[in-house]
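# Commentary on secondary and tertiary structure
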Amino acid sequence: MTNAPIPMHAPLRILGLDPGLRKTGWGVISVEGSRLVHVAHGVIAPKDSLPFAERLLVLFEAISEVVALHAPHEAAVEETFMNNNAASALKLGHARAMAMIVPARAGLTVAEYAATVVKKSVVGTGAADKDQVGFMIARLLPTAGKTTSDAADALAVAIAHAHHRKVRNLGAAA
């Protein structure tokens, strides 16, 4: 894959990723104008019993498979929420690196969004909880069916990118 221009009338496919070492949610949507369509979603859950490096490898390979299977044009990743435990934050950073490296390696543009921006894009408030995000995903993407909170968050990241990419592109052109 490369950053080749997308044909004018072709729908844009966006991969959203909600990285985590235990569970990484992913979601793919198609965007045509202002119309959002669910393509696929899921959760990558490496076994906790695996050594750290192998858990990262599971994430790398599974995200690579998602990219190969769904051929997104762009990717968006949720930024890490910093907590007080430095060791946990560092491990989460490794999982986030997998979520950024795989799409970048495939030639995709990778955008990053704070959780508050994602929530505001989908729910209307940056302080929304996971249930509110899941509720809005069900409304905005009715063909997605029932989603786990990790997959719903990933789809929300993709939707946030769909809304914000126009602004980013306009800013880049200025």
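In this report, we go over the structure that sits alongside the text. The structure presented is a predicted model; accordingly, all values stated were derived computationally and were not measured.

Conventions and cut-offs
- Residues numbered from 1 in each chain as written.
- Predicted model: local features only at pLDDT ≥ 70, side-chain atom pairs only at ≥ 80, totals over all residues.
- Heavy atoms only, no water.
- Salt bridge = Lys/Arg side-chain N within 4 Å of Asp/Glu carboxyl O.
- Helix = DSSP H or I, 4+ residues; strand = E, 2+ residues; numbered from the N terminus.
- Buried < 20%, exposed > 50% of the residue type's maximum accessible area, 1.4 Å probe, protein only.
- Phe/Tyr/Trp six-rings, centres within 6.5 Å; stacked < 30°, edge-to-face > 60°.
- Lys NZ or Arg CZ within 6 Å of the ring centre and 35° of its normal.
- Pairing = 2+ DSSP bridges.
- Axes fitted to C-alpha atoms, helices over the stretch in contact; angles between N-to-C directions.
- Expected span 1.5 Å × (residues − 1).
- Arc of directions from axis to C-beta.
- Contact = heavy atoms within 4.5 Å.
- Polar contact = N/O pair within 3.5 Å; in protein donor to acceptor, adjacent residues only side chain to side chain.

## So, the pattern of salt bridges
One pass over the full model with this rule turns up five salt bridges. For Arg 22, the salt bridge is made with Asp 48, and the minimal N-O distance between the two is 3.7 Å. Remark: Asp 48 occurs in the loop between strand 3 (35–44) and helix 1 (52–70) and Arg 22 occurs in the loop between strand 1 (12–18) and strand 2 (24–32); sequence separation between them is 26 residues. For Arg 22, a relative accessible area of 59% gives the class exposed. What makes Asp 48 partly exposed here is its relative accessible area of 49%.

## Brief notes about the packing of aromatic side chains
Note on aromatic pairs: each is described by the distance of the centres and the angle between the planes. Within the structure shown, the criterion is met by zero aromatic pairs. The residue whose ring lies beneath Lys 91 is Phe 52, and the NZ or CZ to ring-centre distance is 5.9 Å.

## Some points on the sheet that holds strand 3
Backbone hydrogen bonds are what pair the strands of a sheet, in a parallel or an antiparallel way. Spatially, the five strands line up as an open sheet ordered 3-2-1-4-5, and their pairing is mixed. The open sheet has two edge strands, strand 3 and strand 5 (109–113), and neither has a second partner. Adjacent strand axes in the sheet meet at a mean angle of 20° when their direction is disregarded. Note that strand 4 (residues 74–78) and strand 5 share five bridges and pair parallel. Looking across to strand 5, one finds that Ala 75 is bridged to Val 110.

## Considering helix 1
Relative to the 27 Å expected for 19 residues at 1.5 Å per residue, helix 1 spans 27 Å between its end C-alpha atoms, a close match to the ideal helical length. All of the buried residues in helix 1 are Arg 55, Leu 56, Leu 59, Ala 62, Ile 63, Val 66, Val 67 and His 70. Buried residues of helix 1 fall within an arc of 140° about the axis and therefore sit on the same side. Summarising the geometry of helix 1, the exposed residues directed more than 90 degrees from the buried face are Ala 53, Glu 65, Ala 68 and Leu 69. Looking at the buried side of helix 1, the elements it contacts are strand 1, strand 2, strand 3 and helix 2 (86–105).

## Overview of helix 2
The terminal C-alpha atoms of helix 2 lie 28 Å apart, and with 20 residues this matches the ideal 28 Å at 1.5 Å per residue to within 8%. Turning to helix 2, its buried residues number three or more, namely Ala 89, Ala 95, Arg 96, Met 98, Ala 99, Val 102 and Pro 103. Seen end-on, helix 2 carries its buried residues on one side only, within an arc spanning 165°. Facing away from the buried side of helix 2 by over 90 degrees, the exposed positions are Ala 86, Leu 90 and Arg 105. One side-chain oxygen at the N-terminal end of helix 2 lies 3.0 Å from the backbone nitrogen of Ala 87; it belongs to Asn 85.

## Topic: the pairing of strand 4
Judged by how many residues are buried, strand 4 sits mostly within the fold: five of five residues are covered. The side-chain alternation of strand 4 yields two buried faces, one formed by Glu 74, Ala 76 and Glu 78 and the other by Ala 75 and Val 77.

Take it as geometry only, folks, not as evidence of what the structure does.
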